[in-house]
Amino acid sequence: MSRLVKHAARILIILLLGGFCGATLVRLAPGFGVDEEELDSRLNQESIQALRQSHARHESLGGFYIHYLGRLIKGDLGTSRSLQQPVTQLLAQRFPETLKSVGFGLALGWTLGLALAIASALSRNWFVDLFSSVLAGALLCMPAAVLALLFVIARAPGRLVLGLIVFPKIFRYARNLLIRSVAMPHVLTARAKGAGGFRTLLWHILPVTAPQLLALAGVSVSMAFAASIPVEALCDLPGIGQLAWKAALGRDMELLVNLTLIVTGVTLLANSAADLLGSPSRMGES
Amino acid sequence: MKRARIGAIVFLIAISVVCLLADFVAPSSYARQFRDAPDAAPSRQHLLGTDDLGRDRFSRLLYGTRVSLLLAPGAALLSCLLAAVIGGTAGFVGGWLERFVMGATDLFLSLPWLFLLITVRALLPLNIAPLTSVIITFALLGCLGWAASARVICTDTRSISDSGFILLARASGSGGCRLLWRHIFPNLRPVLFAQFWISIPVFILTEANLGILGLGVAEPLPSWGSLLRELESFSASFDQPWRFAALALFIIVVSCFHLALQKQELPA
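## Some thoughts on the overall build of chain B
Next up, step 1: Looking only at helices and strands, chain B has 11 helices and zero strands in total.
Next up, step 2: Starting at the N terminus and ending at the C terminus, chain B contains elements arranged as α-α-α-α-α-α-α-α-α-α-α.
Next up, step 3: Each principal axis of the C-alpha atoms in chain B carries an extent, and together these give about 75 × 45 × 30 Å.
Next up, step 4: By the burial criterion, 45% of the 268 residues in chain B qualify as buried.

## As for the overall build of chain A
Next up, step 1: A count of helices and strands for chain A gives 12 helices and zero strands.
Next up, step 2: Its helices and strands taken in sequence order, chain A reads α-α-α-α-α-α-α-α-α-α-α-α from the N to the C terminus.
Next up, step 3: Taking all 286 residues of chain A together, the buried fraction comes to 34%.
Next up, step 4: Taking as baseline every contact in chain A between residues at least 6 positions apart, the subset at least 24 positions apart corresponds to 74%.

## Topic: helix H10 (residues 240–249) of chain A
Next up, step 1: In terms of burial, H10 of chain A is a largely internal element, eight of the 10 residues being buried.
Next up, step 2: Of the residues one or two after H10 of chain A, Arg251 of chain A is the one with positive phi, at around 50°.

## Section: the environment of Leu107 of chain B
All names here are of chain B.
Next up, step 1: Counting through the fold element by element, Leu107 comes out in helix H4 (residues 95–110).
Next up, step 2: The exposure class of Leu107 is partly exposed, given the 19 C-beta atoms found within 10 Å.
Next up, step 3: Expressed as a C-alpha distance, the spacing of Leu107 and Asn209, which sit 102 residues apart in the sequence, is 23 Å.

## Side note on the interface of chain A and chain B
Next up, step 1: With 35 residues of chain A in contact, the opposing surface of chain B contributes 32 residues.
Next up, step 2: Counting only elements with at least two residues in the side of chain A that touches chain B, the list comes to helix H1 (2–28), helix H5 (126–140), helix H6 (144–153), helix H9 (197–235), H10 and helix H11 (253–278) of chain A.
Next up, step 3: Per-element tally for the side of chain A that touches chain B: the top contributor is H11 of chain A, with eight residues.
Next up, step 4: Residue composition of the side of chain A that touches chain B, by class: 28 nonpolar, six polar and one charged.

## Overview of the packing of H1 of chain A against H4 of chain B
Next up, step 1: One can describe the packing of H1 of chain A onto H4 of chain B by two numbers: an axis separation of 10 Å at closest approach and a directional angle of 75°. Judged on the interaxial angle alone, H4 of chain B and H1 of chain A are roughly perpendicular. Contact with H1 of chain A, carried on its side by Ile14, Leu17 and Gly18 of chain A, involves Asp106, Leu107 and Ser110 of chain B of H4 of chain B and no other residues of that element.
Next up, step 2: Its residues assigned to classes, the contact of H1 of chain A with H4 of chain B shows three nonpolar, two polar and one charged.

## Digging into the confidence of the model for chain A
Next up, step 1: Mean pLDDT over chain A: 83, with 89% of residues reaching 70 or higher.
Next up, step 2: For residues 282–286 of chain A, every residue scores under 50 in pLDDT, and the model assigns this stretch six contacts once sequence neighbours within four places are set aside.

## A word on the nonpolar core
Next up, step 1: Membership of the largest hydrophobic core comes to 134 residues, with the highest contact counts inside it found for Val146 and Ala244 of chain A together with Ile118 and Leu228 of chain B.
Next up, step 2: The leading source of residues in this core is helix H3 (residues 57–93) of chain B, at 16 residues.
Next up, step 3: Among residues more than four places away in sequence, those in contact with Ile118 of chain B are Ile229, Ala244, Trp245 and Ala248 of chain A together with Leu215 of chain B.

## Section: unusual backbone geometry
Glycine aside, a negative phi is what most residues show, and trans is what most peptide bonds show.
Next up, step 1: Backbone torsion omega between Glu219 of chain B and Pro220 of chain B reads 5°, so that peptide bond is classified as cis.
Next up, step 2: Mapped onto the elements, Pro220 of chain B comes out in the loop between helix H9 (176–212) and helix H10 (224–229).
Next up, step 3: Positioned with a positive phi, Gln84 of chain A is a non-glycine residue whose angle comes to about 55°.
Next up, step 4: On the neighbour-count criterion, Gln84 of chain A (8 C-beta atoms within 10 Å) is exposed.
Next up, step 5: A positive phi angle, near 55°, is found at Arg155 of chain A, a position not held by glycine.
Next up, step 6: With respect to the helices and strands, Arg155 of chain A occurs in the loop between H6 and helix H7 (159–182).

## A closer look at the environment of Ala139 of chain B
Next up, step 1: Turning to its location among the elements, Ala139 of chain B is positioned in helix H6 (residues 130–144).
Next up, step 2: Of the residues examined, Ala139 of chain B has 15 C-beta atoms within 10 Å and is grouped as partly exposed.

## Section: the confidence of the model for chain B
Residues and elements named next belong to chain B.
Next up, step 1: Of the residues in chain B, 95% reach a pLDDT of 70 or more, and the chain-wide mean stands at 85.
Next up, step 2: When mean pLDDT is compared element by element in chain B, H3 scores highest at 91, while helix H11 (residues 245–265) scores lowest at 80.
Next up, step 3: The model gives residues 264–268 a pLDDT under 50, and that stretch makes nine contacts with residues more than four places away or in other chains.

## A word on the environment of Phe151 of chain A
Residue and element names in this part refer to chain A.
Next up, step 1: Inspection of the secondary structure assignment puts Phe151 in helix H6.
Next up, step 2: According to the C-beta neighbour criterion, Phe151 is partly exposed, with 19 such atoms within 10 Å.
Next up, step 3: For Phe151 and Leu234, which are 83 residues apart along the polypeptide, the C-alpha to C-alpha distance reads 9.5 Å.
Next up, step 4: In this structure, Phe151 is in contact with Ala156, Gly158, Leu160, Val161 and Cys235, ignoring residues within four places of it in sequence.

## As for the packing of helix H7 (residues 147–161) of chain B against H9 of chain B
Residue and element names in this part refer to chain B.
Next up, step 1: Their axes nearest at 10 Å, the elements H7 and H9 cross at an angle of 150°. Our classification of the angle between H7 and H9 gives roughly antiparallel. In this structure, H7 meets H9 at a crossing whose hand is right-handed. Listed contacts from H9 to Ser149, Val152, Ile153, Asp156, Thr157, Ile160 and Ser161 of H7 are Ile184, Asn187, Leu188, Val191 and Gln195.
Next up, step 2: Classifying every residue of the contact of H7 with H9 gives six nonpolar, five polar and one charged.

## Describing helix H5 (residues 113–123) of chain B
Next up, step 1: In terms of burial, H5 of chain B is largely enclosed, as nine of its 11 residues are buried.
Next up, step 2: Within H5 of chain B, burial applies to Trp113, Leu114, Phe115, Leu116, Leu117, Ile118, Thr119, Arg121 and Ala122 of chain B.
Next up, step 3: Packed against the buried residues of H5 of chain B are H1, H9, H10 and H11 of chain A together with H6 and H9 of chain B.

Conventions used here
- Residues numbered from 1 in each chain as written.
- Chains lettered and ligands numbered in written order.
- Predicted model: local features only at pLDDT ≥ 70, side-chain atom pairs only at ≥ 80, totals over all residues.
- Helix = DSSP H or I, 4+ residues; strand = E, 2+ residues; numbered from the N terminus.
- Buried ≥ 20, exposed ≤ 12 C-beta atoms within 10 Å, placed from the backbone.
- Contact = placed C-beta atoms within 7 Å.
- Nonpolar A, V, L, I, M, F, W, Y, C, P; charged D, E, K, R; others polar.
- Axes fitted to C-alpha atoms, helices over the stretch in contact; angles between N-to-C directions.
- Parallel < 35°, antiparallel > 145°, perpendicular 65-115°, else oblique.
- pLDDT = per-residue confidence, 0-100.
- Core = buried A, V, L, I, M, F, W, Y, C linked by C-beta atoms within 7 Å.
- Left-handed = near helix turned anticlockwise from the far one by under 90°.

What follows is the structure, encoded as structure tokens:
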């Protein structure tokens, strides 16, 4: 239980620190405090003055951060300057699309990566090993944006790209881990006693490698979210990756910072869940 | 495997030398337009043809490779220096400073890399001179890519600080700065070198991603990002394979870095 509390406290502290950095970026961004409404010729001097005063209230960084946190607690993430829509509304529209893409990408990447790593480590067939290593190596050297462009040219579904971005990292790590595990004395003994390949894998190899694989699962969530920016932007998938790209081009810091914070929260949650699942015994002890 | 590593290193050296001599090797300047021959096929005059604006694609590839191959190591050096100073000092001093630095690296590592980069990039002006855009892009990569290396260096510094020869040096009267400079940093050299080498392909890939998204090096200066962006306008390019030359060279160079890297990982 205390481990759970520690993780929750860690996430909260990191998000508060991240929020502060984000608020600093928004506050320092060029054009902060300048409102297009001031250019409205129908407004008189008093109205313009009132508008300026409403901005001036949060001029200091500390004041701005407290105001920002206050809004955050109420679920108000502000309004996007470039799209003129509340950030929460944009998130509600686009987050499910990204979750779908990232979920599909992770499932594909893990299935492909783990299957080829197991085949490569256990079969001891040089062709399988060479084929999967070359495939993973080639994909590792390819920027996510180029893969996305190639998929657009080939008119293939863009979501597959996320799986191909995650796959080589999973394959390489899992392959090395499994090769090391296969050479462990207890695995060799099990094999010598006549245990079959599937049984050895299920009972003797996977339990040893599970904590590291779970840690990798946490990290792969962050990889998939990062890759969602070029993939969604170029494959025209209406998710938060595309939104972040549009916000960057429009220098919409309010939107960009909130998106980054939310994605950070999701990846922190994934990492903590992987960490907790990877060491259940320690969790039970505490 | 050893032969492949040597081959990779030789190829990297050769391509770096050719690109450094781009002013002499390239048939024309990267920005020169041959207006009478836009989108031309390969010929004696234009080895890889010309792009939509009539610029010689081979020359642009040479200059673009030079930008990426010179500046990615520069950014890697900057990030390693930052990591050495921050991680080394935190590991050596320990206590609250170490905890604070570890917290900061936690924060940096939790932020998805591209989200962080485009957020900070958006804070800076987008319509800028090409040379400024090069400096901003690679300086950003260097300044934001230190966290993972700092974590490794902090842990290594801590273990070196606890070792016998450091205790002996302390007992002989060596002060903090002398200990760091004469005893700890020389022992961190292999780790720093490995971190430097690991960062280069990561930065090359990231610059390419940023360039394709229009957030990297500005036109007309070529970089791998802007050269690969050309793929965007290829609808039926499979009958014009020379257009994929930049992508082929990119994959070969990054693969060479990965191949050469395998040896560097061993001492770490």
